[in-house]
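Given next are the chains, with one letter for each unit.
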Amino acid sequence: MTSSVDPIRIPQRAASNDTEIDRAALALLLVEIARNVDPDHHARLDGVPASDHRMETLRQLLVGREISELTRVTHLLGEPEQFADAVGGVLPSATARAPHAQLGEALVPAVERAVQRSIQKSPGTLTDIMYPVFLPAIRKSIAEKIDQTFQSLNETLRHIFTWHGLKWRFESWRTGASFSEVVLKHSLVYRVEHVFLIDRNSGLLIAHVTADNATSEDPQLISSMLSAIQDFVKDSFHEKEQSGLDTIRFGELRLWSEVGPFATLVAVIRGNPPEELHEIVRDVLLRIHDEYAQALEQFDGDGSQLAGIETRLQACVELKQEDSNQGFPWLVVAAVLLVSIPTAVWLFLSWQSGQRWQAYVSRLEAQPGIIVAEQTVRGGQFYISGLRDALATDPLSLLSGTQVDPAQVHSQWQFYQSLEPEFVLKRLTASLAPPDTVGLSIVKNSIVAEGEAPDTWIERARAAARQLSAGGPEFDISKVRDVSPEARAAERWQAYVSRLEAQPGIVVAQQTARGGQFYISGLRDALATDPQSLLSGTQVDPARVHSQWQFYQSLELEFVLKRLTASLTPPDTVRLSIVKNSIVAEGEAPDTWIERARAAARQLSAGGPEFDISKVRDVSPEARAAERWQAYVSRLEAQPGIVVAQQTARGGQFYISGLRDPLGADPQSLLSGTQVDPARVHAQWQFYQSLEPEFVLKRLTASLSPPDTVRLSIVQGRIVAEGVAPANWINRARASAEQLSADGVVLDVAQLRELNLAELNYLREAIQATDIFFYSGKAVPGPEQTPVLDRLAEQIKEFAQKARKAGVTARFMLTGHADATGREAANVSMSASRAETVRALLNKRGVAPELLLVRGAGTFEPVVPENSRTGSSTNRRVSITVNLE
């Protein structure tokens, strides 16, 4: 089939491994096919010649990559060597992704056959592999058996010729056990007090069990110490990795260590334990590894996967052997009693004599005015010395009734003056010789003088009181009255003045006494009592009193009530009375009287007490409406932020105008409950900003937006800002305070403190400059570091307190460091243990534990190079870093 249209040439492209089809080449090919198809016939697939190169091009574009891959795979399957190389390349990753259970079941038969053939072919190879594992265990087992043998031999020889030895030989014959077993059973006394299970890789404490009544420090700290000691011994003496420190002995305490694949079990034993105890401890460790092998291998400090492990460890702390109570032969007991009875009698008599002497000494120490400085007993004689007041009881007189021989007592007393109140009272009585009208007594460790005396004696008493105030008890003479004629006259005058000042309607402005004459001046209400009449009964001579009074109208309630009654002349239906500092009118009256009463009430409101006429009823409807309107107006006037400028009632309508703050109450809402018809009320309010403190406070809060550390409040009509804030906010608050001061409102910003931590910098530098140093291989600082720790604890507590006041929280990072001696893992563990130790020591000195964080830096952060002269000793330290949150 031909076409008049020139064919389009298809560019030839090489086969590509790209999965995408060349869309441009495919489009050009389809256009070429379409142009060569007869327009009068539909295109048929079988109409295209098979040898057409365009169809081959289309096939390469559509499935060329798949054909290439199929050819390559077919060739690979036909070559065994190449196929084996391909399978070997993917087998490791396939094995790693396969489920463990299925993979193990598939490999078990092949692995078992391979191991059997390997052992049959070369048994020496397995022996060489297992030799490093079995030889230390065999050696350790033989050593334990040898120790057990020597322990048994030692105890057997020690008890072989004793009374207990004879009894134990009989028990051995009766029970069939060996004599050495019976000896160890009865002679060895021990108790397992603590058991620690420690992770072998990280040194972290997995579990800890303590026996009853056993005491210890922080278990985590002890675990870190034990791990550090193990690492130190290995590094110092180049021991093999699988070996470990088995036994540590300190006084009565022994530490037995059993090492497992993933954890180490350490038992703290008090006493002399048998060697068989090793087997029991080792068996507990094996059971723990059987039950918790996977959890122990993956342990990272989280013990949630090890629930119930303490139950296994509890079996160890229940192991103990207490001292058996063995009886003694009666002959031995009798011999001991014959020897001990005389000694006991002599000891009892000596003890009894000492008790009597101590009772006498206690009796002396309880006596006022006697201070025992030293007392001792030597050769049956008693020696005592000290201080004694001359007014105190004679020490020799106190010997009666104590059964102490006075001839055996040798005393030496130095006289002194005691400051106890009873002795001071005696000396004051002897030196001052108070008159019969004055009594001296002791009241609450003070000496009090009461009564009447001449002024000369009072002066002497004052001088004595000044001398006593230097170190003795207080001498109070304020209750002694001067009985001289001038003092009596002054007392009577003061009593008269006090009587005047208590009278209503009389105000004493000035009063004085000169040359036997009395002068007084002030204000007096015409309705008040005559001051001259009050002189009767005061024993004050009226001829010596010179008074000058100015008349005024008192605003006290009783006087105001009298004037209102006289001026208003209330009808019989109205009663005036005083109720809670106000004058209240109750009853019914004509509107004319009510208007006069209102006028009087307005006059009184300028400075006098309130005159309440709200309870006087007017029976006319207009009056009732006016009452309700006035109640509404009063309610408005009492509202903060509302100022009533004008209000009136005309023709049954009510008109009111004034000022209203937008933050104040809505006047329309206040009409509810007043029985005033809202349709008859015509209000006109102008908006303004009230200067009342509550409204000013609301506007300040909205404009300034104070931080959470600042509190705005109203104190005695002023707005006070308190707290800590940034400097820019404080400047804004000061600017607002200056603006408000022009309007008469006070904004007090004096109590604001600027948020500035510069004052803590000197203390932070002192803390961060402090280092705690350690000896080589030690996780506990030496005694010379105690003053440094004391000073550091006080500085940390002071810094934390000042930081809290500034509104921030302080945290202290304790970083442990080690020198380059030994393995790096041991150095990291040692540095962490040193940091934990310093945290525990600071906690004992009162530093809160939540303030302290710890980490171990090992040798990675040296303060000086290790090759310097002081490098190692300087790098063994714990440094402190201060952080603020």
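Quick caveat: nothing in here was measured; it's all calculated off a predicted structure.

1. Brief notes about the overall build of the chain
Point 1. Helix and strand content of the chain: 24 helices and 29 strands.
Point 2. For the chain, with 885 residues in total, the buried portion stands at 33%.

2. Description of the confidence of the model for the chain
Point 1. Residues with a pLDDT of 70 or more make up 78% of the chain, whose mean pLDDT is 78.
Point 2. In this model residues 1-19 is a low-confidence stretch, pLDDT under 50, and it forms 22 contacts with partners more than four residues away in sequence or in other chains.
Point 3. Predicted confidence is poor over residues 40-48, with pLDDT under 50, and the contacts of this stretch with residues over four places away or in other chains come to three contacts.

3. Brief notes about a nonpolar patch on the surface
Point 1. Nonpolar side chains collect at one region of the surface, where Leu337, Ile341, Val345, Phe348, Leu349 and Trp351 lie side by side and expose about 610 Å² of accessible area between them.
Point 2. For Leu337, the position within the fold is in helix H12 (residues 330-365).
Point 3. The class of Leu337 is partly exposed, set by a relative accessible area of 44%.

4. A few points about the sheet that holds strand S19 (residues 642-650)
Point 1. As summarised here, the arrangement of the three strands in space is S19-S20-S21, forming an open sheet in which the pairing is mixed. The open sheet has two edge strands with one neighbour each: S19 and strand S21 (681-687). On average, adjacent strands in this sheet sit at an angle of 10° to one another, irrespective of strand direction.
Point 2. Here strand S20 (residues 653-660) pairs with S21 via seven bridges, running parallel. Pairing of Leu659 across the sheet is with Gln686, part of S21.

5. Focus on the pairing of strand S29 (residues 877-884)
Point 1. Pairing between strand S26 (residues 771-773) and S29: three bridges, direction antiparallel. Residue pairing across strands places Phe773 opposite Arg877, the latter belonging to S29.
Point 2. Bridge count between strand S27 (residues 810-816) and S29: seven bridges; the pairing is antiparallel. Bridge pairing links Phe812 to Val882 in S29.

6. Overview of the packing of helix H16 (residues 557-568) against helix H17 (residues 591-604)
Point 1. Contact geometry of H16 with H17 gives a least axis separation of 11 Å together with a crossing angle of 145°. Seen along the crossing, H16 lies across H17 with a hand that is right-handed. Taken together, the residues of H17 that come into contact with H16 (itself represented by Val560, Leu564, Ser567 and Leu568) are Trp593, Arg596, Ala597, Ala600 and Leu604.
Point 2. For the contact of H16 with H17, the class distribution of residues is seven nonpolar, one polar and one charged.

7. Focus on the side chain of His817
Point 1. Within the secondary structure, His817 is located in the loop between S27 and helix H23 (824-844).
Point 2. By relative accessible area, which is 2% here, His817 ends up buried.
Point 3. Engagement of the side chain of His817 in a polar contact is seen with the backbone oxygen of Glu861, the distance being 3.4 Å.
Point 4. Of note is the side chain of His817, whose polar atom sits 2.9 Å from the side chain of Ser879.
Point 5. With residues near it in sequence (within four places) discarded, His817 still touches Ser831, Arg834, Ala857, Gly858, Glu861, Asn875, Arg876, Arg877 and Ser879.

What counts, and where the lines are drawn
- Residues numbered from 1 in each chain as written.
- Predicted model: local features only at pLDDT ≥ 70, side-chain atom pairs only at ≥ 80, totals over all residues.
- Heavy atoms only, no water.
- Helix = DSSP H or I, 4+ residues; strand = E, 2+ residues; numbered from the N terminus.
- Buried < 20%, exposed > 50% of the residue type's maximum accessible area, 1.4 Å probe, protein only.
- pLDDT = per-residue confidence, 0-100.
- Contact = heavy atoms within 4.5 Å.
- Patch = residues over 30% accessible without salt bridge, like charges linked within 9 Å, V, L, I, M, F, W, Y side chains within 5 Å.
- Areas by Shrake-Rupley, 256 points an atom, 1.4 Å probe, with all protein chains shown as cover.
- Salt bridge = Lys/Arg side-chain N within 4 Å of Asp/Glu carboxyl O.
- Pairing = 2+ DSSP bridges.
- Axes fitted to C-alpha atoms, helices over the stretch in contact; angles between N-to-C directions.
- Left-handed = near helix turned anticlockwise from the far one by under 90°.
- Nonpolar A, V, L, I, M, F, W, Y, C, P; charged D, E, K, R; others polar.
- Polar contact = N/O pair within 3.5 Å; in protein donor to acceptor, adjacent residues only side chain to side chain.

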